[in-house]
Amino acid sequence: GRQNIPVFLIASITSSCNLHCTGCYARANDACGDDEPSAQLSDEDWADIFKQARELGISFIVLAGGEPMLRPDVIVKATEYPEILFPLFTNGTLITDDDLKLFDKNRNLVPILSIEGDEKATDSRRGHGVFAKLADSMNRMKANNIIFGASLTFTKKNLDSLLADEFIAELHDLGCRVVFFIEYVPLNRQTADMAPGDTEREMLFNKISRLRRR
């Protein structure tokens, strides 16, 4: 019979992370931590997975974590599969000049930087000085004509500000060319009221339609 092959794969290449973001569901569920995992897949294991994915016809593989920049060995393996686009979801604080050279040379790697809104909103959730590091990384990528994007976690409370024309224009001016809107996952009952509902989703879809036309 026919096989239904998914369009994309999400590869969580590490459970380690260098940040302690407020409301991180991965840490809350012990799916993410500070220590190097004892049983993580090797770069060769991931290369085999990428090879199998290519043979199946999968053309997008999201590299996620934890913080995927902590696994440069796996990212280098991804460059060996130019037929596959690898959006790299990163907190953006560990990007070095060598990483920029790697992104420049291998255009199938597309960094997607997590940002919460303006400097105040980002630093309040991700830590003091994180927004400045993100802006610096974005400016350096823009200067090198590297295509990159932003990942925006939206809640009931912040969706208005994330959809504001001024904020979208700021991302555009920083050189951002891709935007992912990610729904907030509640940690517990106390934060459940922050979770988006149908009203927020409809608002998001309508705004995205207008942004696409512009």
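> Looking at this structure, how should I read the overall build of the chain?
For the chain, the count of helices and strands is 9 helices and 6 strands. On the principal axes, the C-alpha backbone points of the chain span a range of 45 × 45 × 40 Å. For the chain, with 214 residues in total, the buried portion stands at 44%. Restricting the contact set of the chain to residue pairs at least 6 apart, pairs at least 24 apart contribute 71%. If you sum the accessible surface of the chain, you get close to 12000 Å²; carbon and sulfur atoms cover 51% of it. Of the charged side chains in the chain, 25 are positive and 32 negative, and the gap between their average positions amounts to 5 Å.

> Explanation requested: a negative patch on the surface in the structure shown.
Taken together, the side chains of Asp118, Glu119, Glu170 and Asp173 present a region of like negative charge at the surface. Relative to the helices and strands, Asp173 resides in helix H8 (residues 165-174).

> Explanation requested: the side chain of Asn108 in the structure shown.
Summarising the element assignment, Asn108 is placed in the loop between helix H4 (97-105) and strand S4 (109-115). With relative accessibility at 8%, the residue Asn108 sits in the buried group. Within the structure, Asn108 has its side chain in polar contact with the backbone oxygen of Ile84 (distance 3.2 Å). Residues within four places of Asn108 in sequence aside, it is in contact with Ala78, Thr79, Tyr81, Pro82, Ile84, Leu85 and Phe86.

> What am I meant to see in the packing of helix H5 (residues 119-126) against helix H6 (residues 130-143) here?
Angle between the axes and distance between the axes: these two values describe a pair of packed helices. Interaxial distance between H5 and H6 falls to 8 Å at its minimum, and their mutual angle equals 115°. Between H5 and H6, the residues in contact are Glu119, Thr122, Asp123 and Arg126 and Val130, Phe131 and Leu134, respectively. Class assignment for the residues of the contact of H5 with H6 results in 3 nonpolar, 1 polar and 3 charged.

> I'm lost on the packing of aromatic side chains in this one. Help?
Centre distance and the angle of the planes are the two values used to describe a pair of aromatic rings. Taken as a whole, this structure holds 4 aromatic pairs when the rule is applied. With a centroid separation of 5.0 Å and 70° between ring planes, the pair formed by Phe50 and Phe86 is classed as edge-to-face. On the criterion of sequence distance, the pair formed by Phe50 in helix H2 (residues 43-56) and Phe86 in strand S3 (residues 86-90) is long-range, its members being 36 residues apart. Each member of the pair Phe50 and Phe86 is classed as buried. Three or more aromatic residues joined by ring pairs make a cluster, and in this case those are Trp46, Phe50, Tyr81 and Phe86.

> Where do I start with H4 in this structure?
For an α-helix the count is 3.6 residues per turn, leaving residues at separations of three or four pointing the same way. Within H4, the full set of buried residues consists of Asp99, Leu100 and Phe103. One side of H4 carries all its buried residues, which in axial view fall inside an arc of 100°. Opposite the buried face of H4, at more than 90 degrees from it, the exposed residues are Asp98, Lys101 and Lys105. For H4, the secondary structure elements touched by its buried residues are S3, S4 and H6.

> I would appreciate a short explanation of unusual backbone geometry in the present structure.
Keep in mind that most residues, glycine aside, have a negative phi and that most peptide bonds are trans. Between Gly65 and the following residue, Gly66, the backbone shows a cis peptide bond with an omega angle of 10°. Its place among the elements puts Gly66 in the loop between strand S2 (60-64) and helix H3 (72-78). Look at Asn145: it is not a glycine, yet its phi comes out positive at around 55°. Mapping Asn145 onto the fold places it in the loop between H6 and strand S5 (149-154).

> What exactly am I supposed to notice about the pairing of S3 here?
Within a regular strand, the side chains alternate between the two sheet faces. Counting buried positions along S3 gives 5 out of 5 residues, so the element sits mostly inside the fold. A two-sided burial pattern is seen for S3, the buried positions comprising Phe86, Leu88 and Thr90 on one face and Pro87 and Phe89 on the other. Two strands pair when backbone bridges link them, and S3 and S4 are joined in this way by 5 bridges, in the parallel orientation. For Thr90, the partnering residue across the bridge sits in S4 and is Leu113.

Analysis parameters
- Residues numbered from 1 in each chain as written.
- Predicted model: local features only at pLDDT ≥ 70, side-chain atom pairs only at ≥ 80, totals over all residues.
- Heavy atoms only, no water.
- Helix = DSSP H or I, 4+ residues; strand = E, 2+ residues; numbered from the N terminus.
- Buried < 20%, exposed > 50% of the residue type's maximum accessible area, 1.4 Å probe, protein only.
- Contact = heavy atoms within 4.5 Å.
- Areas by Shrake-Rupley, 256 points an atom, 1.4 Å probe, with all protein chains shown as cover.
- Lys, Arg positive; Asp, Glu negative; His and termini not counted.
- Charge placed at Lys NZ, Arg CZ, Asp CG, Glu CD.
- Patch = residues over 30% accessible without salt bridge, like charges linked within 9 Å, V, L, I, M, F, W, Y side chains within 5 Å.
- Salt bridge = Lys/Arg side-chain N within 4 Å of Asp/Glu carboxyl O.
- Polar contact = N/O pair within 3.5 Å; in protein donor to acceptor, adjacent residues only side chain to side chain.
- Axes fitted to C-alpha atoms, helices over the stretch in contact; angles between N-to-C directions.
- Nonpolar A, V, L, I, M, F, W, Y, C, P; charged D, E, K, R; others polar.
- Phe/Tyr/Trp six-rings, centres within 6.5 Å; stacked < 30°, edge-to-face > 60°.
- Arc of directions from axis to C-beta.
- Pairing = 2+ DSSP bridges.

These results come straight from atomic positions and should not be treated as a statement about function.
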